[in-house]
Amino acid sequence: MNPSKIVQEFLEEGRCEACPVVDMHAHFGPYQGIYMPAHTPEAMMAAAERCGVEAMVSSGHLALVDMGLGNAEMATVTEAYPGRWYGYAVINPNYGREVERELALYDERPTFVGLKFHPSIHQYPLTGEGYEAALGFASERKLLVLTHTWGHSPYDSPSHLEEVAGRYPDVTFLAGHSGYGEFDACMRVAQRHANVYLELTAAYAVGGLLEEMVEGVGADRIVLGYDLPWFDPYYAIGCVLMAHLDDGARRAILFENGRRLLDGRRRI
């Protein structure tokens, strides 16, 4: 029997009052070509409530193809759940004028806590000049930037992240998927740059990786995400619970780090 009080409460109750969850990497809405039965606001919030999620931060699938429509939709959805659901403004660097418009609208969207980059989908390198306006904006406001990272990618590898993290020390970067496939390289980036956090979507399932991250980078620099509505939150939470970690590390990853990052940036 696992002696952890957090683990035992999750196993018995399906949630833990002493250790709620903060989800720093969620999405919203249907996605082309993939059946997602739980993509509605009601279904997503029901999933969050079931496993004790205190807050989650989403970017809209629609915004990946249309920033204007998708970011507006995300703002409307999250404002219906104040204090529970927050948003990232998606930035597509291929459309400079539209990026300027979205940045100008940011302050009118009080549930937004940062920006979301997906260089791989937009086929534009994280280090390119098309991201500079958004990164400058995020730097001025000390915002979060959740960026997709993937090992050996020509657009968003750990080496791309290292370059922009060094150029913008006032931006807090969440390395989405922790540079999947180049985990060691992404951990080295986090070791060298205090403004880089490792984000666990998909990475949580790699055996032994969480323990390596905690030892190499520290539990206080890792945040939970699981791409809701793509993946069930219980699987991701379970991977953290069953890793060979102490309760201090579990609590930091599941809850404390995410809350700390949000507390300095949420407006409602």
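Up top is the structure.
## Some remarks on the overall build of the protein
Across its full length, the protein carries 12 helices and eight strands. A compact globule built from 268 residues should have a C-alpha radius of gyration of about 18 Å, and the protein, at 17 Å, falls within 12% of that. Taken over 268 residues, the protein has a buried fraction of 58%. In the protein, of all internal contacts separated by at least 6 residues, the share reaching a separation of at least 24 is 75%. When the accessible surface of the protein is totalled, it reaches about 10,800 Å², and 53% of it is carbon and sulfur. Taking the 21 positively charged and 36 negatively charged side chains of the protein as two groups, their mean positions are separated by 4 Å.

## Comments concerning the pattern of salt bridges
Within this structure, the stated rule accounts for 14 salt bridges. The partner of aspartate 232 in a salt bridge is arginine 50, with the nearest N and O atoms 3.6 Å apart. With aspartate 232 in the loop between strand 8 (222–223) and helix 11 (233–242) and arginine 50 in helix 2 (residues 41–50), the pair connects residues that are 182 residues apart, well separated along the chain. Taking relative accessible area as the criterion, aspartate 232 reaches 38% and is therefore assigned partly exposed. Residue arginine 50 is classed as partly exposed on the basis of its relative accessible area, which comes to 40%. Connected through shared salt-bridge partners, Arg15, Glu17, Glu49 and Arg84 make up one network.

## Quick look at unusual backbone geometry
A cis amide bond, omega 15°, links leucine 228 with the succeeding residue proline 229. Phi angles above zero are rare outside glycine, and histidine 177 is one such case at about 70°. Positionally, histidine 177 belongs in strand 6 (residues 172–180). Despite not being glycine, aspartate 227 has its phi angle at roughly 60°, a positive value. Along the polypeptide, aspartate 227 turns up in the loop between strand 8 and helix 11. The buried category is assigned to aspartate 227, whose relative accessible area is 8%.

Rules used in this analysis
- Residue indices follow the written sequence of each chain, beginning from 1 at its first position.
- Side-chain atom pairs in this predicted model are given and counted only at pLDDT of 80 or more, local residue features only at pLDDT of at least 70, and totals for whole chains, interfaces and linings cover all residues.
- For side-chain calculations, the full set of non-hydrogen atoms in the structure is used, while hydrogens and water are omitted.
- Helix and strand assignments follow DSSP, with helices taken as H or I runs no shorter than four residues and strands as E runs no shorter than two, numbered in order from the N terminus.
- The globule rule used for comparison is 2.2 Å times the number of residues to the exponent 0.38, while the radius of gyration itself is calculated over C-alpha atoms.
- Per-residue accessibility, obtained with a 1.4 Å probe over protein chains only, is compared with the maximum for each type, and a residue is labelled buried under 20%, exposed over 50%, and partly exposed between these values.
- Working rule for contacts: check all heavy atoms of both residues, and any pair within 4.5 Å makes them a contact.
- Every accessible area reported is derived by Shrake-Rupley at a probe size of 1.4 Å, with residue values counting cover from the shown protein chains alone.
- We treat Lys and Arg as the positive residues and Asp and Glu as the negative residues; His and chain ends play no part in the count.
- Working definition for charges: the position is that of NZ of Lys, CZ of Arg, CG of Asp or CD of Glu.
- Put simply, a salt bridge is a Lys or Arg side-chain nitrogen that is within 4 Å of an Asp or Glu carboxyl oxygen.

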